[in-house]
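Each chain, letter by letter, is given below.
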Amino acid sequence: MATNKRTSSSSINDDSETKKFKTDDNLSTTSKESIPTFINENVTNKKLCEYGAACYRQKNPIHTAEYDHPPAREKSSTNESNKRLTPIEKIQQSEPYRFFLSTVYGISDNYNQINAISLKEILSPEHGQLVRSAQFNYMFDIEFLREQYPPEFRLKPLLIVHGDSRHDNHTIKTQCSPYPQIEICAARLDIPYGTHHTKMMFLLYETGLRIVIHTANLIQQDWKQKSQGIWISPICPKTNDNTNESKTNFKKDLIEYIERYRAKQLQFWQKTINEHDFSSINVHLISSTPGRHTGADMNKFGHLKLRQTLKAYLGLENEAQYNSAPIIGQFSSIGSLGPNANNWLSKEFLTSLKQLHSSSLDSPELKLIYPTVDNVRTSLEGYMAGGSLPYNMQNAMKQGWLVNYLHKWKADHRQRSRASPHIKTYLRATNDEYKELLWFLVTSANLSKAAWGVLEKNNTQLMIRSYEIGVLFIPKQFSQTTFSVSDSSSPSFPIPYDLPPVKYQSSDKPWVVDVAYKNQPDSHGNMWDPSD
């Protein structure tokens with residue numbers, strides 16, 4: 001946990017604020033999130049709540065007796081506009097991509113207006129009269145989630161879909177027990193070390209159905225000072241014709257994904273999806289479901305689904321010129337990838353990422369973006385951000401070769417270099433100038449075999465441990481040849497980070513969660529000691 005250098009002992013925890021930390025991608029590390037102790041000598045001896053005015057526990061008198069909640073200090077900008085967009089305006093402005101980053105507490109407000117949205121804005125009553133909803137996720141704070149819904153929607157039926165484990169079942173049931181309108185669905189995890197890592201929302205309005213696919217856990221810290229990715233569908237109207245499909249087969253792929261849960265609680269949503277017109281959706285669904293997929297199922301999930309979709313839909317002219325076009329992977333966790341790159345990363349996985357219409361023997365450059373220790377130390381959250389980057393020492397020691405691929409997190413053009421990334425993205429540029437993209441994927445899937453799958457039995461089956469979901473943007477579906485990332489072009493694709501990526505220097509080390517960092521304090525004056 002983070003300890004406060006300015007106190008003689010480790011930081012004092014408020015038990016009501018601490019949560020058991022669950023790591024992404026099957027890592028066994030656990031820690032508690034502590035609240036650093038700060039003293040405002042001019043006003044009070046209360047501790048400073050790290051969530052400030054955004055804290056939803058301000059209604060709790062026990063909490064407010066111990067913590068102060070000052071307003072945010074936002075950085076000023078000479079060219080900052082006073083115009084604040086409404087949720088509806090934000091979605092209209094985001095066309096045609098409808099891809100957002102989460103708003104970040106403490107940065108200039110104008111960087112939270114364009115292509116940025118909060119959870120409350122996603123659930124705003126401006127979008128219509130909500131009938132019921134479903135939330136798929138890995139981590140839940142039910143009280144926090146309820147506070148994000150408008151008061152008039154908090155009694156509407158809500159389905160919580162989570163991973164089926166003894167600890168999760170008990171925790172979720174306890175959290176939901178005061179709310180009879182909340183139903184629980186435990187996703188089966190038939191293969192050891194798998195997780196329910198999907199992050200998705202179904203929002204059923206009187207006017208239609210909206211799908212939201214994103215990268216954030218439904219806990220307060222994931223929506224405060226992290227970089228998260230969010231895709232928001234149009235509101236799809238109800239139809240009497242079940243064949244109203246998108247040109248990307250989004251409805252078919254989504255129903256197939258939902259069917260893999262084999263859960264009666266999801267039958268309503270399968271029927272509802274089938275009854276709505278998805279023809280306005282222009283992204284492809286790329287998902288993973290646990291299992292050993294064989295035959296026709298091999299290409300329906302994981303990295304083989306990505307491979308098959310790129311092969312079928314990319315449709316480039318003179319595609320040979322792109323054989324060496326660079327590929328970027330960006331993520332917040334790293335699994336066990338093997339003793340060398342050829343074990344999985346640069347062979348099996350890269351073969352899917354580099355897929356064009358025709359197979360290529362070339363090996364394009366693969367650049368991987370993962371935060372350095374200094375990225376974490378200097379972030380808005382400080383070392384506490386590292387709790388959501390659960391790359392452990394056991395894996396890091398076995399794959400020292402990976403550092404040759406690694407690049408820093410840097411997002412100056414979105415003012416999010418200090419907003420630690422929990423977003424996961426994969427893309428391919430047209431060339432090393434990085435002014436245009438061949439495709440872009442935002443997903444819950446980190447860099448791991450558990451998430452993407454690994455070929456077995458002489459490449460006749462794909463073994464996937466976890467549930468994951470994401471959306472793939474292909475220029476052809478937007479009547480474009482490539483996506484421009486230049487600010488001068490319209491529409492410019494809202495890339496989350498700076499391009500080209502900056503390679504690790506010799507002094508840079510990847511963040512490893514179960515290592516102590518006591519040489520330099522973080523942005524809050526704290527050290528990191530996971531053994532405390």
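Residues numbered from 1 in each chain as written. Predicted model: local features only at pLDDT ≥ 70, side-chain atom pairs only at ≥ 80, totals over all residues. Heavy atoms only, no water.

Looking at an unreviewed UniProt entry, one finds the chain named PBZ-type domain-containing protein, with Adineta steineri as its source organism. Turning to the chain, the UniProt annotation filed under Subcellular location (unreviewed entry) states: "Nucleus". UniProt lists a comment for the chain under the heading Sequence similarities (unreviewed entry), and it reads "Belongs to the tyrosyl-DNA phosphodiesterase family." (UniProt positions renumbered as here; feature names shortened; annotations may be inferred.)

1. Some remarks on the overall build of the chain
Per the secondary structure count, the chain includes 12 helices and 25 strands. Residue burial in the chain is summarised as follows: out of 532 residues, 61% are buried. The long-range fraction of contacts in the chain, counting pairs at least 24 apart against all pairs at least 6 apart in sequence, stands at 75%. When the accessible surface of the chain is summed, it comes to about 21700 Å², and 48% of that surface belongs to carbon and sulfur atoms. (Helix = DSSP H or I, 4+ residues; strand = E, 2+ residues; numbered from the N terminus. Buried < 20%, exposed > 50% of the residue type's maximum accessible area, 1.4 Å probe, protein only. Contact = heavy atoms within 4.5 Å. Areas by Shrake-Rupley, 256 points an atom, 1.4 Å probe, with all protein chains shown as cover.)

2. Considering the pairing of strand 9 (residues 200-205)
Counting buried residues in strand 9 gives six out of six residues, a clear majority hidden from the surface. Burial along strand 9 is two-sided: Met200, Phe202 and Leu204 facing one way and Met201, Leu203 and Tyr205 facing the other are all buried. Pairing geometry for strand 6 (residues 130-136) and strand 9, over six bridges, is antiparallel. Each residue of the ladder has a partner; that of Leu130, found in strand 9, is Tyr205. In terms of strand pairing, strand 9 meets strand 10 (residues 208-214) through six bridges, oriented antiparallel. Within strand 10, the residue paired with Met201 across the bridge is Val212. (Pairing = 2+ DSSP bridges.)

3. Notes on the sheet that holds strand 22 (residues 461-464)
Spatially, the three strands line up as an open sheet ordered 14-22-21, and their pairing is antiparallel. Only two strands of the sheet have a single neighbouring strand rather than two, namely strand 14 (291-294) and strand 21 (454-456). Taken pair by pair, the neighbouring strands of this sheet meet at an average axis angle of 35°, ignoring direction. Examined bridge by bridge, strand 14 and strand 22 share four bridges and lie antiparallel to one another. (Axes fitted to C-alpha atoms, helices over the stretch in contact; angles between N-to-C directions.)

4. Quick word on the packing of aromatic side chains
Two measures describe an aromatic ring pair: the distance that separates the ring centres and the angle between the ring planes. Enumeration according to the criterion identifies 32 aromatic pairs in this entry. Look at Tyr370 and Tyr391: their rings are 5.9 Å apart centre to centre, the planes differ by 85°, and that puts the pair in the edge-to-face class. Here Tyr370, found in the loop between strand 16 (366-369) and helix 10 (373-377), pairs with Tyr391, found in the loop between helix 10 and helix 11 (393-398); they are 21 residues apart in sequence, far enough to count as distant. In terms of burial, Tyr370 and Tyr391 fall into one category: buried. Ring centres of Trp511 and Trp528 lie 5.6 Å apart, and the angle between their planes is 65°; this geometry places the pair in the edge-to-face category. (Phe/Tyr/Trp six-rings, centres within 6.5 Å; stacked < 30°, edge-to-face > 60°.)

5. Considerations on the environment of Ile88
Looking at where Ile88 falls in the secondary structure, it is placed in helix 2 (residues 87-93). Through-space distance from the C-alpha of Ile88 to that of Ile122 is 9.3 Å; in sequence the pair is 34 residues apart. Beyond its immediate stretch of four places on either side in the chain, Ile88 contacts Glu126 and His127.

6. Overview of the UniProt feature "active site" (unreviewed entry) in the chain
Within the UniProt annotation, "active site" (unreviewed entry) is assigned to His197 and His422. Judged by maximum C-alpha separation, these annotated positions cover 226 residues in sequence but sit close together in space, the widest gap being only 12.5 Å. Looking at the element boundaries, His197 is found in the loop between strand 8 (182-187) and strand 9. Within the structure, the side chain of His197 is placed 2.9 Å from the backbone oxygen of Ser444, a separation counted as a polar contact. Residue placement: His422 occurs in the loop between strand 18 (420-421) and strand 19 (425-429). When its relative accessible area of 2% is taken as the criterion, His422 is described as buried. (Polar contact = N/O pair within 3.5 Å; in protein donor to acceptor, adjacent residues only side chain to side chain.)

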